[in-house]
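Below, each chain spelled out in residue letters.
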Amino acid sequence: MIAIINNEYKTDLSKPLDISIPLTNNEQNPIAWYQNTPEIAPVTMGDWIGKVSEGKSSTNFNNIFFNPHAHGTHTECLGHITRDFYSINQCLKQFFFTAELISVEPKAVGEDLVITKEQIEIALGENFQESIIIRTLPNPETKKHLNYSNTNPPYLEEAAAIFIREKGIQHLLIDLPSVDREHDEGKLLAHKAFWNVKDVNDVSEDARFDCTITEMIYVNEDIKDGSYILNLQFASFENDASPSKPILYKIE
């Protein structure tokens, strides 16, 4: 049994549903924001190579170069858009939440594909949880390997982000590189609406410091829409964002 906000839920922790995309150093890794592929390579010092198979090291000893926003599943706090520094490691102190998974097919609006407030409202019904997980349709596995740069991916309209905030949903997870339009002149309307950030240079006390956005997830077809327990795991980086591993558990 797991108790969340005085409610008890029965789940099987031996049956995790991983909705993260692993980070790799090849073309299979998803990419956004005009970056190259991540780098995972052994340390070299003179003729010594930190790789057991090379015969000169007793350990594998790799350097890793990546960007959390561009190279896979990541969780970010409002420090992503503010002048002052805020760290995901300081903002998120709890890791188990109730969650509602919904599937939505973005609507064509001019040259864009947009997830609207109406779609979110209909898909959620009265099932408001601490977290919302948005799976966009169609949902091919190729999403896990896309280069999103300069493709104008779907995004969340500002009104939808406001609706999510006003319903008290604290954590937003989506299978896109951003909740905002790729080229939006720096407006970041959905980010600002969700975190209730009115001025990035002077963040007010009513901003949502403990709320997070997780982008570039992937939810397999065999995971059905509905209510789950979410374990939102991330690496302890003192940074606005960290690579993360959101895990779902069925509620029995």
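Now for a description of the structure that goes with this document. (Residues numbered from 1 in each chain as written. Predicted model: local features only at pLDDT ≥ 70, side-chain atom pairs only at ≥ 80, totals over all residues. Heavy atoms only, no water.)

### Considerations on the overall build of the protein
Each helix and strand in the protein was counted, giving four helices and 17 strands. Looking at the protein as a whole, 47% of its 252 residues qualify as buried. Across the protein, contacts joining residues at least 24 apart in sequence account for 72% of those joining residues at least 6 apart. Approximately 12,800 Å² of the protein is accessible, and the part contributed by carbon and sulfur atoms is 49%. Treating the 21 positive side-chain charges of the protein as one cloud and the 38 negative ones as another, the clouds have centres 3 Å apart. (Helix = DSSP H or I, 4+ residues; strand = E, 2+ residues; numbered from the N terminus. Buried < 20%, exposed > 50% of the residue type's maximum accessible area, 1.4 Å probe, protein only. Contact = heavy atoms within 4.5 Å. Areas by Shrake-Rupley, 256 points an atom, 1.4 Å probe, with all protein chains shown as cover. Lys, Arg positive; Asp, Glu negative; His and termini not counted. Charge placed at Lys NZ, Arg CZ, Asp CG, Glu CD.)

### Describing the environment of Glu-182
For Glu-182, the location among the structural elements is in the loop between strand 14 (171-174) and helix 4 (189-195). Residues Glu-182 and Tyr-148, 34 residues apart in the sequence, show an inter-C-alpha distance of 9.1 Å. With residues up to four places along the chain from it excluded, the contact list for Glu-182 reads Trp-33, Tyr-34, Tyr-148, Ser-149, Asn-150, Thr-151, Asn-152 and Pro-153. A distance of 2.6 Å separates a polar atom in the side chain of Glu-182 from the backbone nitrogen of Asn-150. Within polar-contact distance, the side chain of Glu-182 engages the backbone nitrogen of Thr-151 at 3.2 Å. (Polar contact = N/O pair within 3.5 Å; in protein donor to acceptor, adjacent residues only side chain to side chain.)

### So, the nonpolar core
Core analysis: the biggest nonpolar cluster contains 28 residues, and Ile-120, Ile-132, Ile-134, Leu-156 and Leu-172 have the highest contact counts within it. Secondary structure elements with two or more residues in this core: strand 9 (96-104), helix 2 (117-124), strand 12 (131-136), helix 3 (158-166), strand 14 and helix 4. Beyond its immediate sequence surroundings of up to four residues, Leu-156 is in contact with Ile-115, Ile-120, Ile-134, Ala-161, Ile-164, Leu-172, Val-179 and Ala-190. Of all hydrophobic cores here, the second largest spans 19 residues; its members include Cys-91, Phe-97, Leu-173 and Leu-232. (Core = buried A, V, L, I, M, F, W, Y, C linked by side-chain atoms within 4.5 Å.)

### Some remarks on the packing of helix 2 against helix 3
Contact geometry for helix 2 and helix 3: axes closest at 7 Å, N-to-C directions at 40 degrees. Across the interface between the two elements, Lys-117, Ile-120, Glu-121 and Leu-124 of helix 2 pack against Ala-159, Ala-160, Phe-163 and Ile-164 of helix 3. The residue makeup of the contact of helix 2 with helix 3, split by class, is six nonpolar, no polar and two charged. (Axes fitted to C-alpha atoms, helices over the stretch in contact; angles between N-to-C directions. Nonpolar A, V, L, I, M, F, W, Y, C, P; charged D, E, K, R; others polar.)

### Comments concerning the environment of Glu-76
Position of Glu-76 among the secondary structure elements: in strand 8 (residues 74-76). Here Glu-76 falls in the buried class, since its relative accessible area comes to 0%. For the pair Glu-76 and Pro-243, spaced 167 residues apart in sequence, the C-alpha separation works out to 8.9 Å. Apart from the residues lying within four places of it in its own chain, the contact partners of Glu-76 are His-69, Ile-88, His-191, Trp-195, Cys-211, Thr-212, Ile-213, Glu-215, Asp-240 and Ala-241.

### Re a nonpolar patch on the surface
On the surface, a cluster of nonpolar side chains totalling about 270 Å² of accessible area is made up of Leu-13, Phe-95 and Phe-96. Relative to the assigned elements, Phe-95 resides in the loop between helix 1 (88-91) and strand 9. (Patch = residues over 30% accessible without salt bridge, like charges linked within 9 Å, V, L, I, M, F, W, Y side chains within 5 Å. Salt bridge = Lys/Arg side-chain N within 4 Å of Asp/Glu carboxyl O.)

### Section: helix 3
Of the residues making up helix 3, those classed as buried are Ala-160, Ala-161, Phe-163 and Ile-164. Projected onto a plane normal to the axis of helix 3, the buried residues spread over an arc of 160 degrees and lie on a single side. Buried residues belonging to helix 3 abut strand 11 (112-115), helix 2, strand 12, strand 13 (155-156), strand 14 and helix 4. Once helix 3 finishes, Gly-168 follows within two positions and takes phi at roughly 80 degrees, a positive value. (Arc of directions from axis to C-beta.)

### Here's the deal with the pattern of salt bridges
A full pass over the atoms with the stated rule returns 11 salt bridges. For the salt bridge of Arg-83 with Asp-84, the shortest nitrogen-to-oxygen distance reads 3.5 Å. Classification of Asp-84 as partly exposed rests on a relative accessible area of 35%. Ionic pairing is found between Glu-118 and Lys-107, a salt bridge with its closest N-O pair at 3.6 Å. On the criterion of sequence distance, the pair formed by Glu-118 in helix 2 and Lys-107 in strand 10 (residues 107-109) is long-range, its members being 11 residues apart.

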